[in-house]
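Coordinate inspection notes
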2 protein chains.
Amino acid sequence: MTKRATIKDIAHELNISTSTVSRALADQWDVNPDTRRAVLEVAKRLNYRSNPISLRLRSRQTWTVGVVVPEFINSYFAEILIGMQRVFFPKGYNILVAQSNETASVEENNLKLFENNMVDGILISVAQDSDNTAIYDRLLKNDMPLVFFNRVPEDIRASKVIVDDRKWAFLATEHLISQGCRRIAHFAGNGNLSVSVERRHGYISALKKHGLPVDESLIIEAGLQMESGYIGAMKLLQMDPLPDGLFAVTDPVAIGAMKFLKNHGIRIPEDIAVAGFTESPYATIVEPPLTTVRQPTFDIGVTAATLLLDQITSRHDPDKSDSWSGDNVRTVTLEAHLEVRESSLCKNFRGGS
Amino acid sequence: MTKRATIKDIAHELNISTSTVSRALADQWDVNPDTRRAVLEVAKRLNYRSNPISLRLRSRQTWTVGVVVPEFINSYFAEILIGMQRVFFPKGYNILVAQSNETASVEENNLKLFENNMVDGILISVAQDSDNTAIYDRLLKNDMPLVFFNRVPEDIRASKVIVDDRKWAFLATEHLISQGCRRIAHFAGNGNLSVSVERRHGYISALKKHGLPVDESLIIEAGLQMESGYIGAMKLLQMDPLPDGLFAVTDPVAIGAMKFLKNHGIRIPEDIAVAGFTESPYATIVEPPLTTVRQPTFDIGVTAATLLLDQITSRHDPDKSDSWSGDNVRTVTLEAHLEVRESSLCKNFRGGS
DNA sequence: TTTCTTTACGGGAGCGTTCCCGATACCGAA
DNA sequence: TTCGGTATCGGGAACGCTCCCGTAAAGAAA
C-alpha cells in the first residue's frame, strides 16, 4: 500500500531481469511480444509508475525550469505563467516560480536557488531596480539556458520576448493627441527599467511628431504601482494650468492617479484624459473605463517558454553543442492592441454622438 | 566550466575517499579537523554544491509539495501561495502549482500529476464542481499528506484551514440590515461548494435573527465570477419592487452586479446596498468602494503550509509512524474582518454626517 | 556439419550521494 | 609484548533506472 512498485518488483514477479522490464516498458524492439505483454500486465496490476527522481539522476537533467517574476498578484504575470505552463507541462517539465518583489538582491537569491536546484533553464522578467547584469552574464557563460520576457536588460546577448513598448506608448500618446489633448503629462517608471525607458521614448516622439513641445516638468518619475499614481497626481494638481492629458507607464499608476484626481473634483476625461499601459482587469472596473494597451500575456508566456525549450533541447543535441554558433539567441516582438475606452474619449468628441 | 563539481572531484583532488568528503561536508565527528578544512577549502574553490537529485533519490523524498488552486489570476490564491512559499522555501522544499480551472477532471489530472511526480504532500482548494471525494480518500489511504484550504470537502477526515464563512456571511448580512435594508437578495455560488453553502446559511440566519422573511426567490444561484454578477443583476432588475440590499457570495460577483445595475440607472447604495465577500484589490477600485469580508490570505497560506509540513515530517518520525493514532488531523479557523465601505452605507445613514 | 546472423535476454556499471561496517594506526595499560 | 580502546578513514552497497555489452538459443546460409 505504502510502497511504490519498482521495476525490480516486476522483474522479480516474472523471474526476468530488470533490463528486460525496462526495455519492455520503454517499448524497445528487442523484447519478445509475449514478455512485453506480461510486463505491461504486471505493471498495471502493481500500479507501477516510473520514479521521476531516478530518471533525473540518470539523465542529469532535473526536468525543471525556474521562472522569476517581479510579482504575481497583479494578474499580468499570472497570465504569462499560465502560458508557460501550457508549454512545459505537456513536455514533462515542472515549473518553479519565485518573486523578486522588485528587488535586485531578492532576484539574485532566486537565481541562486534555481542554480542550486539545477534547473534546466530560467525565464526571467527583471526587477525594477535590478542591476544583476553580471549574474546574467555568468549564467550564460555557464551555459544556462536563459530567456528574458517583458522586462529585459539592454546589453545582454540572450533571447527576449517583448512587445514594442516604444511603439505602443507612441500610439497611446498619439491617441490622446487625436482626442484634442495638447499638454500631456507622463508618469514614467523608474529610470533603468527597459519598459520605462521605452515608453517614455514613445511618449516623447509622439509629441514631437505632432509638433507639441516636450516639457520635462510634465514628466514625473515615480514607480509602477498604484501609490506612484497618487504621488504623481498630487504633483499634477499643483500645475497651473492642469494638463489636459495623462499617459501613465502602467494601469495601476493610471488608476491611482484617477482615484486621486476624482477625489479632488477633477473630471475624467473632460478635464484630463487618461491612458495607461498593460491591460488589467482593473481597467474595465474603474470609472470611467481606462484606455490602455492590451498585451498578449498568454502568448508572451508561450513564446518565452518555447524559446527556452528550444535552447534546452538543442543543448543536448550533438548537432551544435559547445560552439556558440548554434544561434538560439532571438528576440521576439509580439503585437499588442490599443484598447480605447471612455477615460480618453474627449475634446473633439465631447458631447458628440 | 560546464561541469558541476561532485564529491568525487574533491576526493580525487585530495586523494581521500568520497566517504570522508561526505562526512567532512556533513560536519560529522569522525573526521580529522585538518582534512575537514582541506575538504571545505577545495569545495569552495571548485564551487561545489551538492546535487539535489541524488539526495532525493537516496532520501526517497522529493522535497516538493504540490498545490492545486481553482485559479490564480484573481490575487486571492496568489496571496495564499506567497504565504506557502514563505514556509516551504526556507525549509528547502519546492512548490509545484497547478490550476484546476474550477473543473473536477482537471483537478483530478493535477492530482495524478503530483502523484506521479511523487510530491511529499499536497495542498488543495477544491474546484467549483469538484466531486473528487474518492480521490481524496485514496490519497489519504496511501498516506499522502494532504491539507485542504479555503474550499474544503465536508466529509473528509483531513486537515483544513478555513475562515468561518457562515459567521462572516452572517455579519455581512447583518450589517446590511443595520443599514436599513429589509429585502436583501443573495447571489449564491454553486450548490455543493463549501463556501457557497456556508455563506448562504449565514445570510439566511441573519435574516431570521432579525425577523426578516426568507424569500427563496431572492436567492439567485449563479457562479463565483463576474459574469455571474451580470446574470444575477439581470434577474434582479425584473423584480418589483427592487430589493434594497444585495449580499454576493464573492467580490467579483458583487462587482459584476454593480456594473450592470449602474448601467441601468440604479444607484448604489441609495437604491440598493451591496456587500461582497473575500477582499480583492477590485473592492477599493470600484465605485462606490465595496463593502466586503477581508480574509487573511497570507496567513491561510502559512497555516496550511505549516500543517502540511508537520504531517510530512512526522511521517518520517519513528515516533508514531504507521498507526493512525498520531492525530495530525486538525481544522484551523482563521479570523477575518468586515471591511465596511460606501457601497453599503445607506438608509438610516443617508444624508448623515 | 559448420558458420553466421537474428532474436531475446541478463549482467553490470553508472548517475551523486549517504551510511553502515570494517580496517588501520596509534596510544596507554596490563 | 600484547591487548582493548579511540580516532580516522576507505570500501561498497543502496536509492531506481537506463543502456552498453556480452551471450545463449535458434534459425538460415555455407
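What you see is a predicted model, and the numbers here were worked out from it, not measured in a lab. The residue numbering used here restarts from 1 in each chain and proceeds along that chain's sequence as written. Chain letters start at A and ligand numbers start at 1, both assigned in the order the entries are written. Thresholds applied to this predicted model are a pLDDT of at least 70 for local features of residues and 80 or more for the giving and counting of side-chain atom pairs; totals over whole chains, interfaces and linings are not thresholded and use all residues. Computation of side-chain values covers all heavy atoms of the structure but excludes hydrogens and water.

Here we look at the environment of Arg58(A)
Each helix is a run of H or I in the DSSP string that is no shorter than four residues. Each strand is a run of E no shorter than two, and both are numbered from the N terminus. Position of Arg58(A) among the secondary structure elements: in helix α4 (residues 52-59). Spatially, the C-alpha atom of Arg58(A) lies 54 Å from that of Phe247(A), the residues being 189 residues apart in sequence.

Here's the deal with the protein's contact with DNA strand C
Throughout, near means a residue has at least one heavy atom within 4 Å of the molecule or strand. Around DNA strand C, the structure places 24 residues, and the nearest of them are Thr20(A), Arg58(A), Arg60(A), Ile7(B) and Tyr48(B). In DNA strand C, atoms within 4 Å of the protein come 65% from sugar and phosphate. A 3.5 Å cut-off defines polar contacts: any pair of N or O atoms within that distance qualifies, except that in protein one atom must be a possible hydrogen donor and the other a possible acceptor, and neighbouring residues in sequence count only when both atoms are side-chain atoms. Residue Ser17(A) places a main-chain N or O atom 2.7 Å away from a phosphate oxygen belonging to DNA strand C. Contact between DNA strand C and Tyr48(B): a phosphate oxygen at 2.6 Å from a side-chain N or O atom of the residue. Among the elements of the structure, α2 (18-25) and α4 of chain A together with α1 (7-14), α2 (18-25) and α4 (52-59) of chain B are those that each provide at least two residues to the surface near DNA strand C. Polarity classes work like this: nonpolar for Ala, Val, Leu, Ile, Met, Phe, Trp, Tyr, Cys and Pro, charged for Asp, Glu, Lys and Arg, and polar for all others, with Gly in that last group. Residue composition of the surface near DNA strand C, grouped by class: six nonpolar, 12 polar and six charged.

With respect to the pattern of salt bridges
Residue and element names in this part refer to chain B. The rule for a salt bridge is simple: a side-chain nitrogen of Lys or Arg has to be within 4 Å of a carboxyl oxygen of Asp or Glu. Per the counting criterion, the structure on display carries 34 salt bridges over all chains. The residue glutamate 335 makes a salt bridge to lysine 167 at a minimum N-O spacing of 3.2 Å. Of the two residues, glutamate 335 is situated in the loop between β11 (331-334) and β12 (337-339) and lysine 167 in helix α8 (residues 165-178); the sequence distance between them amounts to 168 residues. Three exposure classes are used, based on accessible area relative to the maximum for each residue type with a 1.4 Å probe and protein chains only: buried under 20%, partly exposed in between, and exposed over 50%. Lysine 167 sits in the partly exposed class, given a relative accessible area of 31%.

Brief notes about the packing of aromatic side chains
Only Phe, Tyr and Trp rings take part, Trp by its six-membered ring, and two of them pair if their centres are within 6.5 Å. Stacked means planes under 30 degrees apart, edge-to-face means over 60, and tilted covers everything else. For the coordinates displayed, the defined rule picks out 14 aromatic pairs over all chains. Throughout this description, the term charge over a ring refers to an Arg CZ or Lys NZ atom that lies within 6 Å of the ring centre and within 35 degrees of the ring normal. The lysine or arginine in question, Arg199(A), covers the ring of Phe277(A), its NZ or CZ lying 3.8 Å from the ring centre.

Details of helix α5 (residues 76-88) of chain A
In this analysis, the expected span of each helix is defined as 1.5 Å times one less than the number of residues it contains. For α5(A), spanning 13 residues, the distance from its first C-alpha to its last is 19 Å, which sits close to the expected 18 Å at 1.5 Å a residue. Of all 13 residues making up α5(A), 10 are buried, and the element is well covered by its neighbours. Within the span of α5(A), buried status applies to Tyr76(A), Phe77(A), Ala78(A), Ile80(A), Leu81(A), Gly83(A), Met84(A), Gln85(A), Val87(A) and Phe88(A). For this analysis, residues touch if any pair of their heavy atoms sits within 4.5 Å. Residues of α5(A) that are buried make contact with β1 (64-69), β2 (94-99), β3 (121-124), β4 (146-149) and α13 (297-315) of chain A together with β2 (94-99) of chain B.

Some thoughts on the protein's contact with DNA strand D
Close contacts around DNA strand D come from 26 residues, with Ile7(A), Tyr48(A), Thr20(B), Asn32(B) and Arg60(B) the closest. Among the atoms of DNA strand D lying within 4 Å of the protein, the sugar-phosphate backbone contributes 64%. One of the side-chain nitrogen or oxygen atoms of Ser22(A) is found 2.7 Å away from a phosphate oxygen of DNA strand D. The contact in question runs from a phosphate oxygen of DNA strand D to an N or O atom on the side chain of Thr35(B), over 3.1 Å. Elements with a minimum of two residues in the surface near DNA strand D: α1 (7-14), α2 and α4 of chain A together with α2 and α4 of chain B. Here the residues of the surface near DNA strand D are counted per class, giving seven nonpolar, 13 polar and six charged.

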